[in-house]
Amino acid sequence: MTGPRAVLVGTMGAGKTTVGRLVADRLGVGFADSDELVEAEAGKAVQDIFVEDGEAAFRALERDTVARTLAQHDGVLSLGGGAVLDPATRALLADHAVVFLRVGLADAVKRVGLGTGRPLLLGNVRARVKQLLDERTPVYEGLARVVVETDGREPEEIAAEIVAAVTATTAATTEEES
Ligand SMILES: Nc1ncnc2c1ncn2[C@@H]1O[C@H](COP(=O)(O)OP(=O)(O)OP(=O)(O)O)[C@@H](O)[C@H]1O
Ligand SMILES: O=C(O)C1=C[C@@H](O)[C@@H](O)[C@H](O)C1
Ligand SMILES: [Mg+2]
């Protein structure tokens with residue numbers, strides 16, 4: 001298979017960046033994070049892109065960055081929480097080992113704190129996280145080959161589960177193809 005060995009999706013605070021890095025280390029492969037790639041491309045932080053250029057400009061950059069990275073990167077890729085809202089991105093993800101990191105409202109709110117650096121959480125953080133979880137959970141579930149529960153669990157434990165699941169999925173796919 002070409003492209004990333006695992007693509008991590010989920011809402012803000014699911015732990016995609018934290019756990020994705022650990023999964024890449026365990027697999028001995030590179031790690032990429034779409035928010036970090038977009039920030040490097042734009043030369044500014046996500047929150048500044050939202051404020052100065054608007055969400056539509058961020059989403060366009062995100063879509064192009066994710067498409068390029070899915071084609072070129074063969075390590076672990078963590079996506080920004082809203083990347084899957086784009087239909088073209090969803091279509092590209094159909095060919096990949098998508099891992100959904102599930103988090104409940106209480107743990108997500110604890111993890112994002114005041115929501116600093118996350119422009120979509122401005123205002124009432126708990127209400128915004130709940131709304132995003134309600135709207136997006138079916139989208140994440142629809143794309144996922146693997147679903148991992150993260151509530152009350154340490155990042156290392158979650159990473160170990162992902163490595164085992166992705167290794168099993170890749171072995172099954174290779175067997176089917178041969
Ligand atoms: N399983 C976990 N248990 C406790 N804290 C966690 C866990 N996973 C991540 N965290 C913490 O929660 C915060 C958010 O994690 P992280 O930035 O990895 O989330 P994310 O899914 O990448 O969010 P975003 O979509 O905003 O990029 C960080 O401070 C991180 O250390
Ligand atoms: O859930 C979202 O829509 C977002 C999540 C973050 O990863 C960033 O991509 C940005 O803050 C938007
Ligand atoms: Mg992240």
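None of the values given here were measured: they were computed from a predicted structure.

K.L.:
Is there a simple way to explain the site of ligand 1 in this structure?
P.N.:
Within the structure, ligand 1 sits among 18 residues, and Gly15, Lys16, Thr17, Thr18 and Arg111 are positioned closest to it. Looking at the shell around ligand 1, the elements with two or more residues in it are helix H1 (16-27) and helix H8 (155-177). The element that contributes the greatest number of residues to the shell around ligand 1 is H1, accounting for three residues. A per-class count over the shell around ligand 1 returns four nonpolar, eight polar and six charged.

K.L.:
Please clarify how the environment of Leu22 should be interpreted in this entry.
P.N.:
By the element assignment, Leu22 lies in helix H1. Residue class for Leu22 comes out buried when judged on the 21 C-beta atoms lying within 10 Å of it. Once the C-alpha coordinates of Leu22 and Glu156 are considered, the two residues, 134 residues apart in sequence, prove to be 6.9 Å apart. Ignoring anything within four residues of it in the chain, the contact list for Leu22 reads Pro155, Glu156 and Ala159.

K.L.:
It is not clear to me how the site of ligand 2 should be interpreted in this structure. Could you clarify?
P.N.:
What surrounds ligand 2 is the set Met12, Asp35, Val46, Gly80, Gly81, Gly82, Arg118, Pro119, Leu120 and Leu132. Split by residue class, the shell around ligand 2 holds five nonpolar, three polar and two charged.

Definitions and cut-offs
Residues numbered from 1 in each chain as written. Chains lettered and ligands numbered in written order. Predicted model: local features only at pLDDT ≥ 70, side-chain atom pairs only at ≥ 80, totals over all residues. Near = placed C-beta within 6 Å. Helix = DSSP H or I, 4+ residues; strand = E, 2+ residues; numbered from the N terminus. Nonpolar A, V, L, I, M, F, W, Y, C, P; charged D, E, K, R; others polar. Buried ≥ 20, exposed ≤ 12 C-beta atoms within 10 Å, placed from the backbone. Contact = placed C-beta atoms within 7 Å.

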